[in-house]
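Per-entry structural report
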Amino acid sequence: MSFGFPELAAIRLGFGLSPLTPPPADAETVLASVARSGPDPAAMTTAEASQIALSFRAGVVARRSGKPEPPGSKEAEQQLASMPIEDLRRRVVRAVDDPVGFGERLVQFWSDHFTVRAINRVHYGLSMTFQDEAIRPYVNGRFEDMFFAADTHPMMLVYLDQISSRGPNSVLAKRRPERHLGLNENLAREALELHSMGVSAGYEQKDVRELAELLTGLSFSHKGGFAFQQAWVEPGAETVLGKSYGGGRRGGLDDIRAAFRDIARRPETAQYLSRKLAVHFVSDDPSEDLVEAMAATWRATGGDLPQVYRVLVTHPDLASNLRKKVRQPFDYCVAGLRALGVRGKDLAALDRKVFNRAVWEPIRSMGQPWWQAKGPDGWPEEVEAWIAPQTLAARINWSLQVPRMLLKELPDPREMLVSAFGGTQSAELAWAVPKAESAAEGVALILASGDFNRR
Amino acid sequence: MLKMDRRLFLKGTALLGCSAAAHPLMNSITFAALPGDNRLVVIILRGAMDGLDAIQPYGDPMLRKLRRNLSVGPDNGALDLDGFYALHPRLEPLLPLWQKGELAFAHAVSTPYRDKRSHFDGQDVLEAGTGNDLPVDRQVGGWLNRMLQVMPGTSAETAYSVGVEQMKILTGKAAHLSWAPQASLTLSPQAQMLLEHVYHDDPLFRDAAQGAMQISGEVSDIGKMRGPTADAQALAAFTASRLNAESRIAAFSIPGWDSHASQSAVLGRALDRLAAAILKLREGLGPNWQSTAVLAMTEFGRTARENGSGGTDHGTGGALLMAGGAIRGGHAFGDWPGLGEGQLYAGRDLMPTRDIRAYAAWAMHGLFGIERDKLERTIFPGLELGSDPGMLA
């Protein structure tokens, strides 16, 4: 059977084929679609997230001292408790409905690249805002802007402990010597190691240290919001990767922005991120040719992401590496829902308990608990990390149980074989599906197959 | 379950005409002789445990100078072990093990990994068990897997990777099993046969499905665990159940050690999980605990000084915790390098005095009789084994 760019693009760059929408006709359609993945206009802002957090906290304080809870605190608590699953639901809804899916896949990629995790419930709101404030506005723009936005966003400042970092010689540290205030290197290290140049690049502990000093002053609290605290700043210029920043009295955010811009445009960053994109979209072991073509565009454009994406989308490696990758659990569930013809509005209307059983719990059992990446390096890419007995069992279970849970009438497996693969299915699968005992098992066979789990 | 698999397998081959040798269910049916009675459990502590707080060298006067709020010693609730070291108060549940000779530690250990202090590279090096001669991203396969490759009489059942996530320490050429305590799978015979056909030419899916179909029929429900240490307890209970059957080697991980800020809270919770896991292993293994060694290893230690946020940053030398009836417990192993001026690594971290791989190697030597040259060349290439620290009972 034959297939062309549209099927390839839907499977490899999006969330798979759907019986409801035709796949993108050409590369231009794919690239143009990314513009749709901007922030949700109705999304929560940091200020709103802080309001909820403060309201919740006031309730906790009142309860502890035996006083009546202030109005709104119960609601805030309930809202916080449902945020993780509702965040997953809105992500799934957008991904299922987007006809092309490349933009939503990129949102997933960059959100993972800048992994944040709200450990304490008071920060759940920030975790909700992170993607709309730090990722989506820049997904079709310049990397340096996303880099700066993500690493100075309140959720990142909290997650990587920047809010507790103080210049050892800052005004505050000198004023309060008994508090032994000092630096926290966490964000500075990950900014270089994970977010830009990569651990193999030639930076040193001294660069981490000086970048940490440059970042002093970044602050966030639910009461005070995001602020640059001059009193926390380590005085003097900081030399990061041979370039000097700050030192004047002009201060803070502009110097940090300048450093992030320079780091974003470095050849090591071009190389590291081009390879990471290629690994995510093409193959765990991408060709030098592809990576170099992307990195060259990165260097030439100073990290203009749409131009880098263009190289990826139009490269012949996209076709020659079909099914070299395995869909990660989130991508897998979205692809399954699309292939079943489920619509975003159906998912939005589901009882939370049903959504929990249909998506929330399954992706946990498949090894990708939402909001709970183990570390700031996010989820692994290698196919072996995702397919093991315990996690494949969860995928097979999903294939058997969830279609029946969500659909009144299952699709005819023989038709689904056509609509879900567009001619890309293997002979083994085409042979097996019609032999299933029931429609449910035929559908399950499709969704559990290597053909469907790979992309 | 195995019987049924065989029947299905025969039915499947007849129907589909697969070659028997290539069929996934073929390999799992033969059980090889077991490699002895001893058991080894490796727990990877992801995020870099602060060894100076978990096992506090309060006898070194410099500790008090470097740390004001952390590692506060026996005067402030830590549990004295030997007049020099004290156990973090949250490890109190393990104190009886120390007293019975079933808990030990080695301080100032590290892998050969230096200077970049990346968790992810640090963990990769720890699990690969290699030196610095290979770039981190080219290191493939883990040291437990290489041990399986040189051990006589192993089968896939010999080693278990436990938990949802992949354990790189067990990846490699030697077959092993993996499963998570909460996983399950039930298929109709027809669905199973068709799935096997569909996966047949894709080894990744074929082997995983084979494992899932086989294991899901064998393992019994370990019951629901509750509370903040539930995950760690479930991993340990499942591990114990497998080690009581054919398995002899298991690995799982406990995350949550990265205490850059509010270390007393972060580390306290992580130590609770570690203690709960070790006690659950002991309970689950019953008499087999006597022939078990547990090694709890972390990618590196943390800075000797407290940072500005009541925490510590990434360091170098750390601590290795050992437990089990096969361990000569109640002993502190390793040379203490001191925390004074000029004694710290790079002026900031605990100086490693021994390669952590040497302890793992001596454990393998004592438990499974792996020879010295295989340990130094194949399993831990480039390791100088050195003298036997004598940490096995």
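Throughout what follows, the structure given in this document is the object of discussion. (Residues numbered from 1 in each chain as written. Chains lettered and ligands numbered in written order. Predicted model: local features only at pLDDT ≥ 70, side-chain atom pairs only at ≥ 80, totals over all residues. Heavy atoms only, no water.)

Moving on, we get to the overall build of chain B. Scanning chain B from N- to C-terminus turns up 13 helices and twelve strands. In chain B, which comprises 393 residues, the share counted as buried stands at 62%. When contacts within chain B are restricted to residue pairs at least 6 apart in sequence, long-range pairs at least 24 apart make up 73% of them. Looking at chain B as shown, the accessible area adds up to about 14,200 Å², and 51% of this sits on carbon and sulfur atoms. (Helix = DSSP H or I, 4+ residues; strand = E, 2+ residues; numbered from the N terminus. Buried < 20%, exposed > 50% of the residue type's maximum accessible area, 1.4 Å probe, protein only. Contact = heavy atoms within 4.5 Å. Areas by Shrake-Rupley, 256 points an atom, 1.4 Å probe, with all protein chains shown as cover.)

Residues and elements named next belong to chain A. In terms of burial, helix α1 (residues 5-12) is largely enclosed, as six of its eight residues are buried. The complete set of buried residues in α1 reads Glu7, Leu8, Ala9, Ala10, Ile11 and Arg12. Contacts made by the buried residues of α1 are with α2 (27-33), α5 (102-113), α13 (267-281), α16 (317-320) and α21 (413-421).

All right, on to the interface of chain B and chain A then. Counting from both sides, the interface comprises 49 residues of chain B and, opposite them, 54 residues of chain A. In total, about 4,100 Å² of surface goes out of reach between chain B and chain A, with carbon and sulfur atoms giving 60% of it. When the buried area of chain B at its contact with chain A is split by residue, Lys116, Phe120 and Phe205 of chain B rank highest and sum to 16% of it. Our count for the chain B to chain A interface comes out at three salt bridges. A salt bridge links Lys374 of chain A to Glu165 of chain B; the nearest nitrogen and oxygen atoms lie 3.7 Å apart. Counting the contacts that link chain B with chain A gives 19 residue pairs in polar contact (both at pLDDT 80 or more). Its residues assigned to classes, the side of chain B that touches chain A comprises 21 nonpolar, 16 polar and twelve charged. (Buried area = accessible area lost by both parts, 1.4 Å probe. Salt bridge = Lys/Arg side-chain N within 4 Å of Asp/Glu carboxyl O. Polar contact = N/O pair within 3.5 Å; in protein donor to acceptor, adjacent residues only side chain to side chain. Nonpolar A, V, L, I, M, F, W, Y, C, P; charged D, E, K, R; others polar.)

With that settled, the discussion passes to α13 of chain A. Over its 15 residues, α13 of chain A extends 21 Å from the first C-alpha to the last, a length consistent with the 21 Å expected when each residue adds 1.5 Å. Looking only at α13 of chain A, the buried set comprises Thr269, Ala270, Leu273, Ser274, Lys276, Leu277, Ala278, Val279, His280 and Phe281 of chain A. (Expected span 1.5 Å × (residues − 1).)

This next bit is on the environment of Ala95 of chain A. Residues and elements named next belong to chain A. Structurally, the position occupied by Ala95 is in helix α4 (residues 73-97). A C-alpha to C-alpha distance of 24 Å links Ala95 and His315, two positions 220 residues apart in sequence. Excluding anything up to four places from it in sequence, Ala95 contacts Phe15, Glu104, Phe330, Val334 and Arg338.

Turning our eyes to something else, we now look at the nonpolar core. Counting 210 residues, the largest nonpolar core has Val92, Phe102, Trp110 and Phe114 of chain A together with Ile43 of chain B as its most contacted members. Excluding anything up to four places from it in sequence, Phe114 of chain A contacts Phe130, Ile135, Phe143, Met146, Phe147, Ala150, Asp151, Met156 and His195 of chain A. Judged by nonpolar contacts, the second largest core, of 45 residues, contains Ala104, Met151, Met364 and Phe380 of chain B. (Core = buried A, V, L, I, M, F, W, Y, C linked by side-chain atoms within 4.5 Å.)

Attention shifts here to the side chain of Asp207 of chain A. Residue and element names in this part refer to chain A. Note on placement: Asp207 falls in helix α11 (residues 205-215). Although Asp207 is buried, it forms no salt bridge, and the closest oppositely charged side chain is Lys206 at an N-O distance of 5.1 Å. From its side chain, Asp207 meets the backbone nitrogen of Leu241 in a polar contact 2.9 Å long. (Lys, Arg positive; Asp, Glu negative; His and termini not counted.)

All names here are of chain A. Using the criterion set out here, one finds 27 aromatic pairs over all chains in the structure. Ring geometry for Phe421 versus Phe452: centroids 6.1 Å apart, planes at 85°, classification edge-to-face. Here Phe421, found in helix α21, pairs with Phe452, found in helix α24 (residues 450-453); they are 31 residues apart in sequence, far enough to count as distant. For the residue pair Phe421 and Phe452, the accessibility class agrees, reading buried in each case. (Phe/Tyr/Trp six-rings, centres within 6.5 Å; stacked < 30°, edge-to-face > 60°.)

Moving on to the sheet that holds strand β4 (residues 86-87) of chain B. Residue and element names in this part refer to chain B. Here we have three strands laid out as an open sheet, ordered β2-β4-β3, and antiparallel in their pairing. Of all strands in the sheet, those bounded by a partner on one side alone are β2 (55-56) and β3 (79-80). Strand direction decides the pairing type here: β3 and β4, joined by two bridges, are antiparallel. When the sheet's bridge partners are listed, Leu79 is paired in β4 with Leu87. (Pairing = 2+ DSSP bridges.)

Another point: the packing of helix α6 (residues 124-135) of chain A against helix α7 (residues 143-151) of chain A. All names here are of chain A. In contact at an axis separation of 9 Å, α6 and α7 are set at 150° when each is read in the N-to-C sense. Looking at the two axes, α6 sits roughly antiparallel to α7. The two elements α6 and α7 meet at a crossing, and its hand is right-handed. Residue-level inspection shows Phe130, Ala134 and Ile135 of α6 in contact with α7, the latter providing Met146, Ala149 and Ala150. By residue class, the composition of the contact of α6 with α7 is six nonpolar, no polar and no charged. (Axes fitted to C-alpha atoms, helices over the stretch in contact; angles between N-to-C directions. Parallel < 35°, antiparallel > 145°, perpendicular 65-115°, else oblique. Left-handed = near helix turned anticlockwise from the far one by under 90°.)

Residues and elements named next belong to chain A. With respect to the helices, strands and loops of the structure, Ser283 is situated in the loop between α13 and α14 (288-301). Looking at Ser283, its side chain comes within polar contact range of the main-chain nitrogen of Asp285, at 2.9 Å. Once you skip the residues sitting within four places of it in the chain, Ser283 turns out to touch Ala278, Asn321, Lys324 and Lys325.

Once that is clear, we can look at the pattern of salt bridges. Two side chains bearing opposite charge may form a pair once their charged atoms approach each other closely. Inspection of every chain in the model, using the stated rule, returns 44 salt bridges over all chains. Among the salt bridges present, the one from Glu371 of chain B reaches Lys374 of chain B, with a minimum N-O distance of 3.3 Å. Several salt bridges share partner residues, and in doing so they unite Glu185, Arg189 and Arg209 of chain A together with Arg117, Arg348 and Asp349 of chain B into one network.

Before going further, it helps to examine unusual backbone geometry. A positive phi angle is found at Trp371 of chain A, which is not glycine, with a value near 70°. With respect to the helices and strands, the residue Trp371 of chain A is situated in the loop between α19 (352-365) and α20 (389-406). One non-glycine residue, Ala108 of chain B, lies in the positive phi region at around 60°. Its location among the elements puts Ala108 of chain B in strand β5 (residues 103-110).

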